[in-house]
Every structure is written in structure tokens, then in C-alpha cells.
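Each chain, written out:
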Amino acid sequence: MDSLGATLLFVVMAPGVVFAVLALLWLLGWVPSERVLSRITGVTFSASIFALARIIWKLGATGAPSVTVMLGNWFAVRDYHFPLVLMADRLSLPFLGLTVLLSGLIGQFSATYLHRDRGFVRFFLLLHLFAFGSLLAFAAGSFDLLVGGWEMVGITSVLLIAFFQQRTAPVENGLRVFAVYRACDIGLLLGVFAMHRWGGTASFASGLPQMTGTQSLTVCLLLLLAAAGKAAQIPFSGWLPRAMEGPTPSSAIFYGAISIHAGAYLLLRIQPMLIHSPTASAMVIAIGIITAIHGTIVGRASADAKTSLAYASLTQVGVVFVEIGIGWKWIAVAHILGHATVRTLQFLRAPSMLHDYHKMHSAIGGEFSPTGKHLEDLFPKPLQLWLYRWALDRGHLDTILDRIVIHPLMGLSKLFARLDSWGLGQSVSRHEEVALSMQSSPGRGGN
Amino acid sequence: MPVPGALSVVPISVPWLAAILVVGIGRQPRAIGFVAASVSVLASSFLLHAAPVKTSLGEALMVLFSCLTVVAMLVLPRRDCNPVTIAGMLFLLGSTLLAYSTENLLVLLVAWILTTVPFFLEQLFRADTWRPRLSLLLSSAALGLAIGIIAVNGHGMSIDRLIGQNPGGIAVFGLLVAAVIFRKGICPAHAWVADAAEGGPAIPTALLLNGHFGALLVAKLIVPLFPHATRDLFPVLSYLALATALYVAIRALTENSPRRLLAFLALSQSACILAGLESQTVEGMTGAFAHWFVVTVSTMGLFGILRLLEVRFGENLTASQHLGLAEHAPRLAVFFFVFGLALVGLPGTLSFCSQDLLIHGTLATHPLTGLLLPIAIAMNAVSVFRLFTRLFLGKRRTGFTVMADALPRERWILTAGVLFVVLGGLFPNAIVALRPVEVEASTQGVDSQTDTSHRPPTAPSPIPKLRQSRRSSAQP
């Protein structure tokens, strides 16, 4: 392993090692102070930023397309290998840089924002785990490894949604998001399996595996399912407002910057395959367009700042999907970078937005004059009202999902419970309560 | 390195003698149990180390189960730690190790029955419903009948000599499969597992379930003895296992009793082991053996933590509402979360690797029914997370007189468990490599039988071949 490879390994592993050490020490009884935690976080991400800058500098100076680190096989069984390959190329480097930079910034912001919060240690541990998962997903040289990072991002995302664990709504919303993530991740698992089966490998360090047209289409659609779930695209958009229950810094980095764009990154990775599959490309474009329209309509009827921002993010990610489907790879990357940066800033400013408005109103000596000009005014009045109702229920997406998937599944489970209670003579009513709390209207954000 | 014959007896006899001692003197049961189980760990480890080729399923499982019993001894709350319980657990340890180590059918039957005896006795671990007793009885009867038919047909009792002989034909094969179904809790005989977990003592029941005798019977008897029937009829059991994994996963979604819910999760994940073993692919079988380790450690950790919670916060814990116990026991919450997600494929734990292999192996053999496996695992993950959120998150509860988090004794042993699943995940080859030679040989055997129809029907299976060669190489 050359020095550049070692540097990449350091960038990816640093937050993971910090998480592992701190978590183990905490389990054994040590509780770090806020100052120690924030300093460790600052040093870790600062060092990572410099290390990543070195990689970018060296690659730019030498003109090399990428730096690859082969760490052997994680495990190998006859013909099946799980390669540990890290790779930083022109696609992954922007995402790696974004992750390291924003994680460091969020760490510094949160040291003040969450000062004396009961979950301070938990938040920072999860921030490190999230950064590790993201870096692993973006620096993975194979889809196998990408799955590992991808799932870590999902788990930390859910744990941070349920961060304010004393209240029921965040916890239940976290459960709902977790269920959606797991359901969509089946697509990723099956897609990777299909690549191994048909292409012989799931590594993309030396190009995507070669497959026939139908096989490529199948893989693309499976991965599209995973990408749509992670990026909250239609029909999975219902989880996004629920995710706003988490603390603002985590909302900023997850749903304004990194996690929400992970789906787009996955599609960018398989873009050479997408280009040769018009059906899959058309589906990506269609999903993107529908999501963008859905996001902008629902966002207009959202009553709180974070949810509005979340739907604004959704709209932009929908547009990014369209760009990827069309084949504008680098426009999509530039769009993601710009969007992630601006949206993170907006999320971080959201709690003090009212204060900002008051200051501006004081400065101009009164309130802003409403223009009264809105795009929806172009529609006829009945359609406006219908759209308003539709937007208030967030496109009925959760209701549809409940009726098509959740309720039948719960009904089946209760039927099984009745069958299982045969011969015991006990009341079935103890099993009657539907376990997954699937409220139609998610709790509002604002923490 | 030759192994002294006496040493082979130590891991089995010491727990049995200690069980008698505990009941006899009636004092210091935890200390005696811990020492006896530790001796079993050491002796089993020596046996594993002394094996010429480190590919021994039996010795590896002996080490695993001995370690599990040590964990159980330390996690067992003081309230449950009486001489009778400890003696029962030691008896279970000795009987289980006897089943793992034997190469004789009659001894296997005796060990099989002995492991069930404590669950029939009211003074020990008997559940308050009849289904566990019936299932255990039926499984023992099925195995006894199968072995009886083999004996009547004039075959010997040595497993080695029966390899590939198809002893007793389809009747014995069917009886052995029935024994697996009843013991393992495969649908439709699955309900007893939840009954036993809810109505019996949590930790001893977890020990019983983690013996995985159903999977043991598949690996030790069915595959080696019936290579052709395995090829032709095994898919049926595979489908049943996959159906069980999904059925129980769906069933768990609305279960509100934490013990039953954990039992369903353990059962669903255990069914994945069978599905992997029956996939007849090297990935699936290796994944199954790795998953065996994961399920064993994780479910023991989960049942142990649940029992600790019951002792602290009352036995009426429910998943129908948020109990907010993380405020009182944050470390137990973290342990529970890690063990729970380690059971269902958390990245960075051993189950991530084992399930990766399982899914690949099962899908390769059964492209359609294999799809049930990732779906079942995803549902199990949701159930684990739901149980975690219901038990530990939510508004802080008040009114408890005892609100201790994990005690140092519990903390250290649970940390060891977490380290096992995490380090196993970081360095999975240590576990995966335990079986490759035998697994590859067995799958090659199946492949070659599939490819070459002229192979004689009595051709021995590769697994015992390896055992024989190991044994012969062990002799000077």
C-alpha cells in the first residue's frame, strides 16, 4: 500500500476507530466530557480534511484517475469473495470531501447547539458512526462494501430520528423510517447478488461487471429501488417529514446533504449501465420528475420550517435523478454539491429563522410586502383546493402504503397469531394490538 | 497431536459431576457452575486445538456451547441463581456436549433425550403449556424410531460406518426429518418455541434452543447418511425452513410479549441456518455455520438482557407501549441494540457476513423461494428495532425501587459477547474458515453425485471421509 492509499485508508477509518474506542470505553463505564468529545471530533475531521486535500492534490499533480487500496478479501468461500477495496476517483472524491467537511462543521456546530443535552455523547458517537458509514459507502470499490456503509448510514439515521427518546412521536417515526429503509435495502442486496451471479463480481474498481441487456435492466431496477428508498423518492417519500423529528444538526447533514444524496450516488455509480438500459433510464427520469413535482406541491403546504426544507430537498434530488437518467453525470454531481452545501446552511439556520425575520423586519421598519404571486394561481380554483388537500396529506403516500402493504401484513400477522393460539385456550385479544404504530400523519419536526 | 481418551470425557463429565455437587452441598452454585463450565471450555478448546485439521464441527460447537454456558452462569440474575437451576444448566451442558461429540447413534439418542429431561420436570425448566413437552417428546420418539429401524435392519450404530449407506431407506429419512421439524420448531411445529420461552425460565430455555439440535441432526446424520435422498427430497425441508423463517417473521410483527417476540426472532433466524445447510452450496453452508455462531451468541445475549430487565423492572414487560427503560439502564439498552441488530445483519458484525453468504447460497439454489430469506431478515430487523424502541425508548418511568444499570459482572460478560460478534464481523475468516474443507468437500460430493449418475449408490459422503482421515492421521 503506497502512502496515498494509506491516506485514503486513514480518511475512511478515522471516524470508525474513534467511534469504536469511545463506544467501548463508554460501555465499560467511562463517560467523556463535552469538551473532550468535541475536541476529539474536531481533531479527527480536521485531520481527515487535510488528508483528503492531500489525496486531491496528489491526484491532480500526477493526473492519475483514482487511488485504489486493495485490502484483500474480507472473507472468501471458494469462488465467492467479499473484496475489501477502497477507491477514490473523480466521482467519489467530491462526496468524500463533502462528508468530511460537513461532518466536521456539524460537529463544531453541535458542540454548542447540544450543550448540556442529555444525549450529547450519544449524538457525537452517532455522528462518527454516520461519517464512517458514509465514507465507507462513497470510498467503496465494490457494491459489497458499499452495502455495509449504506446500512450503517441507515441505522444511524434512524437512531438520530429517535434521538429525543422521551417523546413517542420521534421513536415511532424512527421505526417507520427503519421499516422503509429495510424494505428498500432488499433491492440493494438482491442487486448485488444478481451482479455476482451474472457478472461474476460486484466490484467496480476496474469497471462495472459485464451483463446482458435484460440482466443489466434487472440489476438497475433493483438498485433503483434501493436508491429511491434512501433518497425518499416516490413512492417512498412519506418517511422524509417523519425524519425531521431528529435534532437539527442531524437533519442538516442527513436530509440536507449526505444521506439524501446517497441514492443519487448509487445511480451515478451504475450510470454506465443505466445509459445502455433505456427502460431503466426512463424509470429514473419518471421517478425524478414525479418526485420533484410532488415535493414542490407538498412543500408549499408544509407548516414548519424543517419540513418545508425537507420537501425542497426532495424536489432538488428529484431533479438530480432526472439529470442522472438523461446522462448528465457531472451536472448532477455539481448540482448535488451545490444543493448539499446550501441546504445544510438552511437547515442549520432554521431554528433561528424567526429571529432572523424579526431582525429583518426591524431593519426595514415593517413586515415584507407579500407579492401575492404564486405559481399555483395559474390553476383553476377547484384544482387549487384539491391540490391543497392533497398536499396537506402529503400526497396520501403514507395512506396508500398503509392500505396496500402495512394493513394486509398486520392482518396476516394477527391471523397467524390466532392460528398459533390453537390449543392454548388463551384469549387472542392480547395479540390484537397492532404493533407497528403507523399513524397517517407524522409528528412535526422542529427540534 | 494425539488426544488422550480421558480428555474427551472431561468436558462432559465435569458439568455432570458439578451438577450433583451443587445439589449436594447447596451453596455457592454460581461459583461451582462457573468453574465447571470453564473447565468444559478449556477442555473443549484443547480438543479443538488438538484436532489434526481445524475443521471439526463437533469440537467447535463444544467450545461455543461451553462458552455460552459460562455466559449464562454470569448473566443469570441472583434471583434465579439457585442450586437447582445451576444444576439443570450444567446437566444440559454435559448432555449437549455429549451429543456434539459422539459418533454413535445410540449415544446420540441418549444425549438427545437427556437434553430434554429438565424441560419435563416441574422443579427444573418445565414450561406451563403442553406444546413444548409434546414437541420434544415427538422429536425424541421420531429419532428413537429412526435409530430403532436402523438397528432392526442390522446396521451398526457407528455413524462413520453408515455414511452413504442410506440405512433404513426413506422411512428413516422421513423420521429424521420429522425429528428435525419437531426439535427445531419448523412450521407447522413452531409454536412450542414461543411457549417454552414465555412459560419457562428464560436463560435455560435459551440454552436449549441454542443447542440447535435440529441443525446438528441435519449436518451429522441426514446429509452424510442419505446423500441421494438429500439431493432429491431435501428441497422440501428447505422450503419448509424458508417458509418458517417468513411465517415467524410475519408473526413477530404484532407480538407484544417480549419473550415470545425474541423466541420468534430466534426461530426465524435459526430457520435460516437450516435453509443454508440445505442449499447444498458452499456459500450457503458456510454461511449457515457462521450464522449458527451468531444466532447462538446474540439470542443468549438478548434473552439474558431481557431477564435482567424483568428482574429489575418487573415481569410484566410488554412491547405494546413505550417503557423508557434506557433512561434507567442505558448500557443494557446498548447491549440489547447491538445483540439485536447483530442477529439480523448489522454491518460490522459477524451476521453481516453470515447473512451475505446465506442469501447468496440460498438464492443460488432456490432463486424464487430464496427471495423469502432477505424478506424475512428485513422483517426480523423491524421486529428487533420495534422491541428495542418499546422496551427502552419513550417517557422515563418512575416508581421503581431498583433501577440499576448493568452490574460490573454483567457488563463485562456482555461486553465480551459484543466483542465476539463485532470482532467476528471484522475478521470473519476466523469463523468462516472453521468449516471450508468439510463444507467444500460435502458440496463437491453433492455436485459430483449430481453430475455423475454412474456413481455407486453406496458411495460414502465426504464429511465422514474427512473425519476418518482426521482420526487416522491423529493416530501415530
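No experiment lies behind these values; they were computed from the predicted model shown. (Residues numbered from 1 in each chain as written. Chains lettered and ligands numbered in written order. Predicted model: local features only at pLDDT ≥ 70, side-chain atom pairs only at ≥ 80, totals over all residues.)

Asks: A description of the overall build of chain A should follow, citing residues and the corresponding values.
Replies: Along its length, chain A carries 17 helices and two strands. Relative to the globule expectation of 22 Å for 447 residues, the C-alpha radius of gyration of chain A, 23 Å, shows essentially globular dimensions. Each of the three principal axes of chain A carries a C-alpha extent, and together these read 70 × 65 × 55 Å. Sorting the 447 residues of chain A into buried and exposed places 51% on the buried side. When contacts within chain A are restricted to residue pairs at least 6 apart in sequence, those whose partners lie at least 24 apart make up 76%. (Helix = DSSP H or I, 4+ residues; strand = E, 2+ residues; numbered from the N terminus. Rg over C-alpha atoms; globule rule 2.2 N^0.38 Å. Buried ≥ 20, exposed ≤ 12 C-beta atoms within 10 Å, placed from the backbone. Contact = placed C-beta atoms within 7 Å.)

Asks: Explain the overall build of chain B residue by residue, including any values.
Replies: If you tally the helices and strands in chain B, you get 21 helices and zero strands. A buried classification covers 63% of the 476 residues belonging to chain B. Restricting the contact set of chain B to residue pairs at least 6 apart, pairs at least 24 apart contribute 80%.

Asks: Help me get a handle on the environment of Arg27 of chain B, residues and values and all.
Replies: Tracing the sequence through the fold places Arg27 of chain B in the loop between helix H1 (5-25) and helix H2 (29-50). Along the backbone, Arg27 of chain B and Leu332 of chain B are 305 residues apart, and their C-alpha atoms lie at a distance of 29 Å.

Asks: Would you mind going over the domain arrangement of chain B in detail, with residue names and values included?
Replies: Residue and element names in this part refer to chain B. When the domains of chain B are assigned, the result is domain 1 (1-101) and domain 2 (102-462). For domain 1 and domain 2, the distance between their C-alpha centroids amounts to 20 Å. At the interface, 28 residues of domain 1 touch 36 residues of domain 2. Mapped onto the side of domain 1 that touches domain 2, the elements with two or more residues apiece are helix H3 (57-75) and helix H4 (83-101). Among the residues forming the side of domain 1 that touches domain 2, the class breakdown is 18 nonpolar, seven polar and three charged. (Domains from an automatic or database assignment. Nonpolar A, V, L, I, M, F, W, Y, C, P; charged D, E, K, R; others polar.)

Asks: Explain the nonpolar core to me, and be specific about the residues and the numbers.
Replies: Judged by nonpolar contacts, the single largest core of 312 residues is most densely connected at Ala139 and Ala264 of chain A together with Leu176 and Ala245 of chain B. The dominant element in this core, judged by the number of residues it contributes, is helix H14 (residues 282-313) of chain B, at 17 residues. (Core = buried A, V, L, I, M, F, W, Y, C linked by C-beta atoms within 7 Å.)

Asks: Mind laying out the confidence of the model for chain B, listing which residues take part and the relevant values?
Replies: Per-residue confidence for chain B gives a mean pLDDT of 85; residues scoring 70 or more make up 88%. Confidence over residues 445-476 of chain B falls short of pLDDT 50; this stretch has 49 contacts with residues more than four positions distant or in other chains. (pLDDT = per-residue confidence, 0-100.)

Asks: Outline the interface of chain B and chain A, listing residues and values.
Replies: Of the residues lining the interface, 48 residues belong to chain B; the matching set on chain A comes to 45 residues. Of all the elements in the fold, those that place two or more residues in the side of chain B that touches chain A are helix H12 (227-252), H14, helix H15 (330-343), helix H16 (350-365), helix H17 (372-392), helix H18 (408-426), helix H19 (429-432) and helix H20 (436-451) of chain B. Its residues placed into classes, the side of chain B that touches chain A shows 26 nonpolar, eleven polar and eleven charged.

Asks: If you had to explain the domain arrangement of chain A to someone new, which residues and values would you point to?
Replies: Residue and element names in this part refer to chain A. Per the domain assignment, the segments making up chain A are domain 1 (3-354) and domain 2 (395-431). Computed over C-alpha atoms, the centres of domain 1 and domain 2 are 34 Å apart. Each partner contributes to the interface: domain 1 provides five residues, whereas domain 2 provides four residues.

Asks: Tell me about the environment of Gly304 of chain B, residues and numbers included.
Replies: Residue and element names in this part refer to chain B. Looking at the secondary structure, you find Gly304 in helix H14. For Gly304, a count of 27 C-beta atoms within 10 Å puts it in the buried group. Measuring from C-alpha to C-alpha, the distance between Gly304 and Pro132 comes to 21 Å, with 172 residues separating the pair along the chain. Each residue touching Gly304, except ones within four places of it in the same chain, is listed here: Val75 and Ile203.

Asks: Could you give an account of the packing of helix H5 (residues 143-161) of chain A against helix H6 (residues 168-199) of chain A, with specific residues and numbers?
Replies: Two packed helices can be described by the angle between their axes and the distance between those axes. Residue and element names in this part refer to chain A. Contact geometry for H5 and H6: axes closest at 9 Å, N-to-C directions at 175 degrees. By the criterion of interaxial angle, the relationship of H5 to H6 is roughly antiparallel. On H6, the residues that touch Phe143, Asp144, Val147, Trp150, Glu151, Gly154, Val158 and Ile161 of H5 are Pro170, Asn173, Gly174, Val177, Phe178, Tyr181, Asp185, Leu188, Leu189, Val192 and Met195. Taken together, the residues of the contact of H5 with H6 break down into 13 nonpolar, three polar and three charged. (Axes fitted to C-alpha atoms, helices over the stretch in contact; angles between N-to-C directions. Parallel < 35°, antiparallel > 145°, perpendicular 65-115°, else oblique.)

Asks: Requested: an account of helix H9 (residues 191-199) of chain B, with residues and values cited.
Replies: By the criterion of burial, H9 of chain B is predominantly enclosed, with seven of the nine residues buried. All of the buried residues along H9 of chain B are Ala191, Trp192, Val193, Ala194, Asp195, Ala196 and Ala197 of chain B. Check the buried side of H9 of chain B and you find it contacts helix H17 (397-420) of chain A together with helix H6 (131-152), helix H10 (202-209) and helix H13 (258-278) of chain B.

Asks: How would you summarise the pairing of strand S2 (residues 80-88) of chain A if you had to cite specific residues and measurements?
Replies: All names here are of chain A. Across eight bridges, the pairing between strand S1 (residues 67-77) and S2 is antiparallel. Looking across to S2, one finds that Thr68 is bridged to Met87. Connecting S1 to the next strand, S2, in antiparallel fashion are two residues, including Arg78 with a positive phi near 50 degrees. (Pairing = 2+ DSSP bridges.)

Asks: Outline the confidence of the model for chain A, supporting the account with residue identities and numerical values.
Replies: Residues at a pLDDT of 70 or more form 94% of chain A, whose mean pLDDT is 90. Residue range residues 427-447 of chain A is modelled with pLDDT below 50. Its contacts to residues more than four positions away, or to other chains, number 53 contacts.

Asks: Would you mind going over the packing of H10 of chain B against H14 of chain B in detail, with residue names and values included?
Replies: Residues and elements named next belong to chain B. Between H10 and H14, the least distance of the axes is 9 Å, while the angle of their chain directions is 170 degrees. The orientation of H10 with respect to H14, classified from their angle, is roughly antiparallel. Only Thr299, Met300, Phe303, Gly304, Leu306 and Arg307 of H14 make contact with H10, whose side of the interface consists of Ala202, Ile203, Ala206 and Leu209. Here the contact of H10 with H14 is composed, by residue class, of seven nonpolar, two polar and one charged.

Asks: Got a sec to walk through unusual backbone geometry? Specific residues and values, please.
Replies: Phi is mostly negative for residues that are not glycine, and the peptide bonds are mostly trans. Residues and elements named next belong to chain A. Cis rather than trans, the peptide bond between Ile234 and Pro235 has omega equal to 5 degrees. Note that Pro235 resides in the loop between helix H7 (213-230) and helix H8 (239-242). One non-glycine residue, Arg394, lies in the positive phi region at around 55 degrees. Examined against the element boundaries, Arg394 turns out to sit in the loop between helix H16 (381-392) and H17. A tally of 25 C-beta atoms within 10 Å means that Arg394 is categorised as buried. For His396, which is not a glycine, the phi torsion comes out positive at approximately 55 degrees. Within the secondary structure, His396 is located in the loop between H16 and H17. A tally of 15 C-beta atoms within 10 Å means that His396 is categorised as partly exposed.

Asks: Break down H6 of chain A for me, with residues and values.
Replies: All names here are of chain A. The first and last C-alpha atoms of H6 sit 46 Å apart over 32 residues, in line with the 46 Å expected at 1.5 Å per residue. Taken across its 32 residues, H6 has 26 buried, putting it largely inside the fold. Following H6 by one or two positions, Gly200 has its phi on the positive side, about 85 degrees. (Expected span 1.5 Å × (residues − 1).)

Asks: Please give an account of the environment of Asp393 of chain A that cites residues and values.
Replies: Relative to the helices and strands, Asp393 of chain A resides in the loop between H16 and H17. Spatially, the C-alpha atom of Asp393 of chain A lies 11 Å from that of Pro241 of chain A, the residues being 152 residues apart in sequence.

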